[in-house]
Amino acid sequence: MCKSKIYTHDYPMNTQMKIIKAIVLLILSITLIHCSSEEMPKPSFGGPSDGDGTPSKQYLTEFAAFPVGNIVSASKLASNSEDNLKFKEILLNDYNSITAENDMKMANIFRGPDNYDWSDGDAIVAYAKANGLRVHGHALVWHSSIPGWLTNYAGTDEEFSKLIENYIKQTVAHFAEEKDSLGNSVVASWDVLNEYFDGTSVRSSLFSQRMGADFHKKLFQWAREANSDVKLFYNDYNVIGISSKRSAILSMVSDFQSNNIPIDGIGAQVHINYQWPTITDIQNGFQEIANTGLLIHSSELDITVNPNDDISELTAERAISQSVQFQRLAFYYGEIVPKNQQFGITVWGFRDQDSWIYEGGTDWPLLYDNNFEPKPAYDGFRNGLDGQAP
């Protein structure tokens, strides 16, 4: 290693010392500047971080390991009113899956024999495709969504059955046409049948009366014949909270599986309240339906806080209880349902006032208040999605 020398010539001693001191200070300054340029932290860009330099999570889908959905309508998606612009902003921030609340039901589509109006559904699918959202179709057959002309149809039962077959096949095939960037149908799934059971018994409906009690099997077979890839769901309420209802559904699923009737998933509507179901109910419910091996959709989620009409406004105490129940539902879904069976959770509405159970301001079942501001329920739901136990 070379050693540097300092030449001082024949200056007086005090002058030499000044020169040496100046040179030493210069060397030290250069060394410090070099070290600082290597060790100075690099500037960071972007929003808040979690402490390790990565951006912090902000929206619901960023906390969830599965799709998180909400409901839409073609009219809201087309509207540029102040409220609907805010609705769409929240939709695209917090959610990555959408379900048509009413626009893709039979009553809105089936206009007459072999006459279909898919325009509202098409608008929803186009919006989803443009914004990278999944569409869950809801619902092909439901006893509460029947067009008047079909209720009064005077043809034979065989002709009635053929009308339904054509409707199922034409509708499923139509909505399978629009593909995303990966070549998959934007409409990834359908609730083929909604609420076949009334309690533990087969519901008496126009369909059971004209097609027989086993009409539900035909619906799933026709849907599969129309498209081999779309996921086919059975959807019903009180699946999680009432074991007898759940047992009837599980028996149906077992029969389907034993007889090669196509079914891919169970939609468990979660219209519940702040006290019910209990933690044990939720755990048992998710475990038992997951044991089928089918996809599990925690569908139609809302949590009432005033089931007994004992409050006139949303109190802080009741809001906290609601928040805890949202957290329970999200947490145990993620904890109990195997990841390859987690189809996702769909919340049934945005603002409280938009809920089907708002009832003029006597209940507040959703995540956002009437100004689209997140409630404590939002925080609880987010924490549950994030895997935080309640």
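Residues numbered from 1 in each chain as written. Predicted model: local features only at pLDDT ≥ 70, side-chain atom pairs only at ≥ 80, totals over all residues. Heavy atoms only, no water.

Asker: Got a sec to walk through the overall build of the protein? Specific residues and values, please.
Answerer: When you go through the protein residue by residue, the secondary structure sums to 14 helices and 13 strands. Taken across its 390 residues, the protein has 49% of its residues classed as buried. (Helix = DSSP H or I, 4+ residues; strand = E, 2+ residues; numbered from the N terminus. Buried < 20%, exposed > 50% of the residue type's maximum accessible area, 1.4 Å probe, protein only.)

Asker: How would you sum up unusual backbone geometry? Please name residues and give values.
Answerer: In this structure, the amide linkage connecting His138 to the following residue, Ala139, adopts the cis form with an omega of -15 degrees. A cis geometry characterises the amide bond from Trp276 onward to Pro277, with omega recorded as 5 degrees. Counting through the fold element by element, Pro277 comes out in the loop between β11 (265-273) and α12 (279-290). Here the phi dihedral of Asp114 falls at roughly 55 degrees; this positive angle occurs in a residue that is not glycine. With respect to the helices, strands and loops of the structure, Asp114 is situated in the loop between β3 (110-112) and β4 (115-116).

Asker: Let's hear about the packing of helix α8 (residues 157-175) against helix α10 (residues 215-226): which residues, and what values?
Answerer: Describing two packed helices takes the angle between their axes plus the distance from one axis to the other. The interhelical angle for the contact between α8 and α10, taken along N-to-C directions, is 40 degrees, at an axis separation of 8 Å. On the basis of the axis angle, α8 is oblique to α10. The handedness of the crossing between α8 and α10 is right-handed. Here α8 contributes Ser161, Ile164, Glu165, Ile168, Lys169, Val172 and Ala173 to the contact with α10, which in turn contributes Leu219, Trp222, Ala223, Glu225 and Ala226. (Axes fitted to C-alpha atoms, helices over the stretch in contact; angles between N-to-C directions. Parallel < 35°, antiparallel > 145°, perpendicular 65-115°, else oblique. Left-handed = near helix turned anticlockwise from the far one by under 90°. Contact = heavy atoms within 4.5 Å.)

Asker: How would you explain the packing of aromatic side chains if you had to name every residue and give the values?
Answerer: Applying the stated criterion to the full structure yields 22 aromatic pairs. Plain terms: the ring middles of Tyr95 and Phe350 are 5.5 Å apart, the flat faces sit at 75 degrees to each other, and that makes the pair edge-to-face. With Tyr95 in the loop between α4 (82-94) and β2 (97-100) and Phe350 in the loop between β13 (342-347) and α14 (376-385), this pair connects stretches of sequence that are 255 residues apart. Taken individually, Tyr95 and Phe350 each receive the classification buried, so the pair is uniform in this respect. (Phe/Tyr/Trp six-rings, centres within 6.5 Å; stacked < 30°, edge-to-face > 60°.)

Asker: Quick rundown of the packing of α12 against helix α13 (residues 316-336)? Include the residues and the values.
Answerer: Between α12 and α13, the least distance of the axes is 10 Å, while the angle of their chain directions is 30 degrees. By crossing handedness, the relation of α12 to α13 is classed as right-handed. Touching Ile279, Ile282, Gln283, Phe286 and Gln287 of α12 are Gln325, Arg328, Leu329, Tyr332, Tyr333 and Ile336, all from α13. Per-class residue counts for the contact of α12 with α13 are seven nonpolar, three polar and one charged. (Nonpolar A, V, L, I, M, F, W, Y, C, P; charged D, E, K, R; others polar.)

Asker: Outline the nonpolar core, supporting the account with residue identities and numerical values.
Answerer: Within the largest apolar cluster, 96 residues are counted, with the highest numbers of intra-cluster contacts made by Tyr95, Ile164, Ile168, Phe286, Leu367, Phe381 and Leu385. Setting aside anything within four residues of it in sequence, one finds Ile168 in contact with Leu140, Val141, Leu219, Trp222 and Ala223. (Core = buried A, V, L, I, M, F, W, Y, C linked by side-chain atoms within 4.5 Å.)

Asker: Could you give an account of the pattern of salt bridges, naming the residues involved and the relevant values?
Answerer: In this structure the tally under the stated criterion is 17 salt bridges. For Lys86, the salt bridge goes to Glu89, with nearest N and O atoms at 3.7 Å. With a gap of three residues between them, Lys86 and Glu89 both fall in helix α4, about one helical turn apart. The class for Lys86 is partly exposed, based on a relative accessible area of 31%. Its relative accessible area of 42% is what places Glu89 among the partly exposed residues. (Salt bridge = Lys/Arg side-chain N within 4 Å of Asp/Glu carboxyl O.)

Asker: Can you break down helix α6 (residues 119-131) residue by residue, with the values?
Answerer: Helix length check: α6, at 13 residues, gives a terminal C-alpha distance of 18 Å against a target of 18 Å (1.5 Å per residue), a fit within 8%. Restricting attention to buried positions, one finds in α6 the residues Gly121, Ile124, Val125, Tyr127 and Ala128. Relative to the axis of α6, the buried residues are bounded by an arc of 160 degrees and lie together on one face. The first or second residue beyond α6 is Gly132, which carries a positive phi of 70 degrees. (Expected span 1.5 Å × (residues − 1). Arc of directions from axis to C-beta.)

Asker: Requested: an account of the confidence of the model for the protein, with residues and values cited.
Answerer: Averaged over all residues, the pLDDT of the protein equals 89, while 86% of them reach at least 70. For the stretch residues 1-50, pLDDT sits under 50, and the model shows 17 contacts to residues farther than four places along the chain or on other chains. (pLDDT = per-residue confidence, 0-100.)

Asker: I'd like a description of the pairing of strand β5 (residues 134-137), backed by residues and values.
Answerer: The side-chain alternation of β5 yields two buried faces, one formed by Arg134 and His136 and the other by Val135 and Gly137. Bridging between β2 and β5 involves three bridges; their strand directions are parallel. Residue pairing across strands places Ser97 opposite Arg134, the latter belonging to β5. Of the strand pairs in this sheet, β5 and strand β7 (residues 187-194) are connected by three bridges, and their pairing is parallel. Paired with Val135 across the two strands is Val187, which belongs to β7. (Pairing = 2+ DSSP bridges.)

Asker: Account for α4, with residues named and values stated.
Answerer: With 13 residues, α4 extends 18 Å from end C-alpha to end C-alpha; this agrees with the ideal 18 Å at 1.5 Å per step. Residues Asn84, Phe87, Lys88, Ile90, Leu91 and Asp94 constitute the buried set of α4. The arc that holds the buried residues of α4, viewed along the axis, is 165 degrees, so those residues lie on one side. Of the surrounding secondary structure, the elements contacted by the buried residues of α4 are α2 (60-63), β1 (68-72), α3 (74-78), β2, α6 and α14.

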